[in-house]
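# Working through the structure, step by step
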2 protein chains.
Amino acid sequence: MPKPQATDRIEIADRLHSAAIHLLRRLRRVDEATKLSAPKLSALSVLVFSGPKRLGELADAEQVRPATMSRLVKELESDGLLERSRHESDGRVVTLKATQPAVKLLKQGRGERVKLLASWMKELSREELKSLERAVDSIDRLGDS
Amino acid sequence: MPKPQATDRIEIADRLHSAAIHLLRRLRRVDEATKLSAPKLSALSVLVFSGPKRLGELADAEQVRPATMSRLVKELESDGLLERSRHESDGRVVTLKATQPAVKLLKQGRGERVKLLASWMKELSREELKSLERAVDSIDRLGDS
DNA sequence: TGCTATTATTTAGCTTTGCTAACTAAATGT
DNA sequence: ACATTTAGTTAGCAAAGCTAAATAATAGCA
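In this report, we go over the structure that sits alongside the text. What you see is a predicted model; the values in this text were computed from it and never measured. (Residues numbered from 1 in each chain as written. Chains lettered and ligands numbered in written order. Predicted model: local features only at pLDDT ≥ 70, side-chain atom pairs only at ≥ 80, totals over all residues. Heavy atoms only, no water.)

### Some words on the sheet that holds strand S1 (residues 53–54) of chain A
All names here are of chain A.
- Spatial strand order, S1-S3-S2: three strands in an open sheet with antiparallel pairing. Both outer strands of the open sheet, S1 and strand S2 (82–86), are each paired with one neighbouring strand and no more.
- Pairing of S2 with strand S3 (residues 94–98) involves five bridges; the strand directions are antiparallel. By the bridge assignment, Arg86 is partnered in S3 with Val94.
- Contacts from helix H5 (residues 66–78) reach S2 and S3, with the element oriented near 115 degrees to S2. (Pairing = 2+ DSSP bridges. Helix = DSSP H or I, 4+ residues; strand = E, 2+ residues; numbered from the N terminus. Contact = heavy atoms within 4.5 Å. Axes fitted to C-alpha atoms, helices over the stretch in contact; angles between N-to-C directions.)

This is the structure:
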């Protein structure tokens, strides 16, 4: 019984890479309906489910540069989905907080993209769903170190 | 022992969505080294591992519009990584074939992004790797129907 | 205290990769 | 022959990533 070799890992890595690309491309199609693109939904999701954050923290959490997050935040703000406020003691930091409409959108609607993805998952067998559930955490930790 | 509920699926879908976004963002950082972005590597990978394709087929496989694939192909061609040729009997179709340098790059080097991803996977336990291997196929089939 | 360095965010400008719409060229069918 | 369909390309736009440079506030230190 062979142990996992480097080539196995590379094979799996290759398929994971393609699968991630394909999955996000398929999900992109729902964007018009939601009005929220993947990066915006993902960032807003952090604010809704983990509470207020400063801009730099959110950029870190989302693996983008502060400059990129600044633009996303500006657009989410003008959509009324989050509020910027200045920190009381440190005037440099901007604190971001999801608004009620955003909480409603994400908590109740949970996002059109996520609902669509969840509906696709109905096709999976019980075992496939179990594997997927276990794998998701591994995937999200990949490259953390 | 409860069966998987809709809320479980939505929870997993939400985490899968975030995990896929985060994974691809982390991988993007290696692009400078490779000179091949995710969409190009993914498209080229199809040609190398599944053989020549017409442009429309490749666009379908990659879940993008022909117009988008046409541009990617043009750039890959000017990098010497694939060759366009006209179909013998049907003058409308363009057949795409990976060149030797491309085969070498992907088969031997297997792409910097994939190598990096594979190296991250060393941190996973045997069990996590197994779950991931099983899950990858499910992920890639999601939304196929 | 007062200068200097650091830190947080923003702005400007560029690149890549999606898209749609409109075009060309070739094949098909009536 | 002529209209329609099919395959691919081109043009032009938007979103989201980046870096570099600007701004503003804080912190450190002589």
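### Focus on the relation of the copies chain B and chain A
- Aligned on chain A, chain B shows an RMSD of 0.1 Å; the corresponding rotation is 180 degrees and the shift along the axis is 0.0 Å. Given the turn and translation reported, the copies of this chain are related as if by a two-fold rotation axis.
- Both copies share a contact surface, since 98% of the interface residues of chain B are interface residues in chain A too. (Least-squares fit on C-alpha atoms with pLDDT ≥ 70 in both.)

### Structural notes on the interface of chain B and chain A
- Listed per partner, the contact involves 59 residues of chain B and 60 residues of chain A.
- Carbon and sulfur atoms make up 63% of the surface buried where chain B meets chain A, a total of about 6300 Å² over both sides.
- The tally of links from chain B across to chain A stands at seven salt bridges.
- Residue Arg25(A) pairs with Glu62(B) through a salt bridge whose shortest N-O separation is 3.0 Å.
- Put simply, chain B and chain A have 20 residue pairs in polar contact (both at pLDDT 80 or more) between them.
- Broken down by secondary-structure element, the contributors of at least two residues to the side of chain B that touches chain A are helix H1 (6–28), helix H3 (38–50), helix H4 (55–62), helix H7 (112–120) and helix H8 (126–141) of chain B. (Buried area = accessible area lost by both parts, 1.4 Å probe. Salt bridge = Lys/Arg side-chain N within 4 Å of Asp/Glu carboxyl O. Polar contact = N/O pair within 3.5 Å; in protein donor to acceptor, adjacent residues only side chain to side chain.)

Shape descriptors only; they carry no functional weight alone.
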